[in-house]
Amino acid sequence: MGSNAGSVPFYLKTNRSFSAIRRYAWIFTVLIGLGGQFVPALGLLVPLIMIALVGMSLFKGKYWCGNFCPHGSFFDNLLQPISRHVKIPQFLRSRLLVAAVLLFFIYNMTNRFVRVYGLLGTDSFYERLGFIFANTYLMVLLVGGLLAVVINPRTWCHFCPMGTMQTIFYKLGKALGLTKKTDQKVTIKHPELCHSCGKCARVCPMQLTPYLEFSANHQLGNESCIRCYTCVYNCPAGILQMANKQKLMKEKAVFAENIFYEDFDVQGK
Ligand code: SF4
Ligand code: SF4
């Protein structure tokens with residue numbers, strides 16, 4: 001598929017909040033990140049979020065990032081309007097940075113947990129534990145927020161430790177065959193109708209290029225895709241959808257059947 005997208009502006013600001021959760025989940029981020037500084041127990045909700053996102057990634061890749069993440073909602077809803085919305089530098093998308101941030105996160109959290117562990121059994125144990133998570137949430141709010149304004153709303157998402165953990169568990173889910181029925185990927189229904197306009201790439205929060213990356217089975221295999229539907233809703237040809245392998249096979253079978261009958265009708269005339 002060639003590209004006709006070179007002469008038009010890239011990185012368009014578009015609506016990405018297609019559900020109430022995506023529109024309002026940012027409240028949760030502010031509540032824990034800022035509220036947790038005064039009521040540290042709020043931070044104890046974070047481990048539940050971590051369990052949910054890791055569990056979901058085993059079956060659906062980075063679906064959480066595009067559809068439930070409170071920070072993602074904060075970046076997309078509150079900060080996108082004031083973001084410079086420019087290209088995310090390659091360095092911030094590099095494997096080196098992704099690995100370094102994950103290792104630092106693990107090291108830092110382990111250190112803090114070890115210190116708090118000494119308080120186990122005392123009244124302040126849970127308060128200090130909650131404070132660790134609330135502080136981490138606040139740090140993402142500030143650093144991710146700054147990057148969102150100066151560069152692009154989803155800049156943080158390229159090296160977020162939670163996103164990296166999802167990618168790792170997604171690979172595990174694929175290896176164990178857990179994703180077969182549940183993993184919905186961006187799918188191009190009719191590649192022959194693609195204008196190569198690049199709109200799917202220009203609206204993608206993760207700055208991926210779906211129209212240049214579809215595999216032979218018409219699906220986007222890029223593990224950085226957060227399944228946010230933004231490309232699906234914005235494709236002017238209406239040829240993108242989210243589909244798992246089963247749906248894809250079913251549609252292919254129906255399509256082949258229709259072609260067969262069309263040929264049959266033509267030849268029968
Ligand atoms: S937005 Fe649709 S028509 Fe345009 S390049 Fe992407 S898939 Fe093709
Ligand atoms: S490719 Fe589509 S679904 Fe995936 S992150 Fe980009 S816009 Fe969202």
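The following paragraphs examine the structure supplied in this document. (Residues numbered from 1 in each chain as written. Chains lettered and ligands numbered in written order. Predicted model: local features only at pLDDT ≥ 70, side-chain atom pairs only at ≥ 80, totals over all residues.)

**Some words on the overall build of the chain**
Inference 1: Secondary structure assignment for the chain yields 12 helices and two strands.
Inference 2: When the helices and strands of the chain are listed from N to C terminus, the series reads α-α-α-α-α-α-α-α-β-α-α-α-β-α.
Inference 3: Evaluated residue by residue, the chain yields a buried proportion of 34% over its 269 residues.
Inference 4: A sequence separation of at least 24 residues applies to 79% of the contacts in the chain between residues at least 6 apart. (Helix = DSSP H or I, 4+ residues; strand = E, 2+ residues; numbered from the N terminus. Buried ≥ 20, exposed ≤ 12 C-beta atoms within 10 Å, placed from the backbone. Contact = placed C-beta atoms within 7 Å.)

**A few points about the environment of Arg84**
Inference 1: Here Arg84 shows up in the loop between α5 (70-79) and α6 (95-117).
Inference 2: The spacing of Arg84 and Leu147 is 63 residues in sequence and 9.7 Å in space, taken between C-alpha atoms.
Inference 3: Among residues more than four places away in sequence, those in contact with Arg84 are Val150 and Ile151.

**Considerations on the site of ligand 2**
Inference 1: Neighbouring ligand 2 are 15 residues; Cys204, Cys225, Cys228, Thr230 and Cys231 lie closest to it.
Inference 2: Across the shell around ligand 2, the residue classes tally to 12 nonpolar, two polar and one charged. (Near = placed C-beta within 6 Å. Nonpolar A, V, L, I, M, F, W, Y, C, P; charged D, E, K, R; others polar.)

**Topic: the nonpolar core**
Side chains of nonpolar character tend, in soluble globular proteins, to be buried together.
Inference 1: Core analysis: the largest hydrophobic core is formed by 47 residues, its most contacted members being Tyr137, Cys200 and Cys231.
Inference 2: Elements with a contribution of two residues or more to this core: α2 (26-33), α3 (46-60), α4 (63-67), α5, α7 (125-150), β1 (185-188) and α9 (199-203).
Inference 3: The dominant element in this core, judged by the number of residues it contributes, is α7, at 10 residues.
Inference 4: Looking at this core, you find at least three residues from each of domain 1 (20-175) and domain 2 (185-268). (Core = buried A, V, L, I, M, F, W, Y, C linked by C-beta atoms within 7 Å. Domains from an automatic or database assignment.)

**Overview of the environment of Gln37**
Inference 1: Mapped onto the elements, Gln37 comes out in the loop between α2 and α3.
Inference 2: Given 15 C-beta atoms within a 10 Å radius, Gln37 is considered partly exposed.
Inference 3: Along the chain, Gln37 and Leu138 lie 101 residues apart, while their C-alpha atoms are 8.7 Å from each other.
Inference 4: Excluding residues that lie within four positions of it along the chain, Gln37 makes contacts with Ala134 and Leu138.

**Describing the environment of Gly43**
Inference 1: Positionally, Gly43 belongs in the loop between α2 and α3.
Inference 2: The contacts of Gly43, once residues within four sequence positions are left out, are Ile32, Gly36, Gly130, Phe131, Ile132, Phe133, Ala134 and Tyr137.

**Concerning the packing of α5 against α7**
Inference 1: For the pair α5 and α7, the least separation of the axes is 10 Å and the interaxial angle reads 40°. Judged by the angle between their axes, α5 and α7 are oblique. Two packed elements cross with a definite hand, and for α5 against α7 that hand is right-handed. Across the interface between the two elements, His71, Phe74, Phe75 and Leu79 of α5 pack against Val140, Leu141, Gly144, Gly145, Ala148 and Val149 of α7.
Inference 2: Of the residues belonging to the contact of α5 with α7, the class tally is seven nonpolar, three polar and no charged. (Axes fitted to C-alpha atoms, helices over the stretch in contact; angles between N-to-C directions. Parallel < 35°, antiparallel > 145°, perpendicular 65-115°, else oblique. Left-handed = near helix turned anticlockwise from the far one by under 90°.)

**Notes on α2**
Inference 1: Of all the positions in α2, only Trp26, Phe28, Thr29, Ile32 and Gly33 are classed as buried. Projected down its long axis, α2 shows its buried positions confined to an angular sector of 155°, all on one face. (Arc of directions from axis to C-beta.)

**Considering unusual backbone geometry**
Inference 1: With a phi close to 55°, Gln207 is a non-glycine residue in the positive phi region.
Inference 2: Tracing the backbone shows Gln207 in the loop between α9 and α10 (210-213).
Inference 3: One non-glycine residue, Arg227, adopts positive backbone phi at about 50°.
Inference 4: Of note, Arg227 is situated in the loop between α10 and α11 (230-234).

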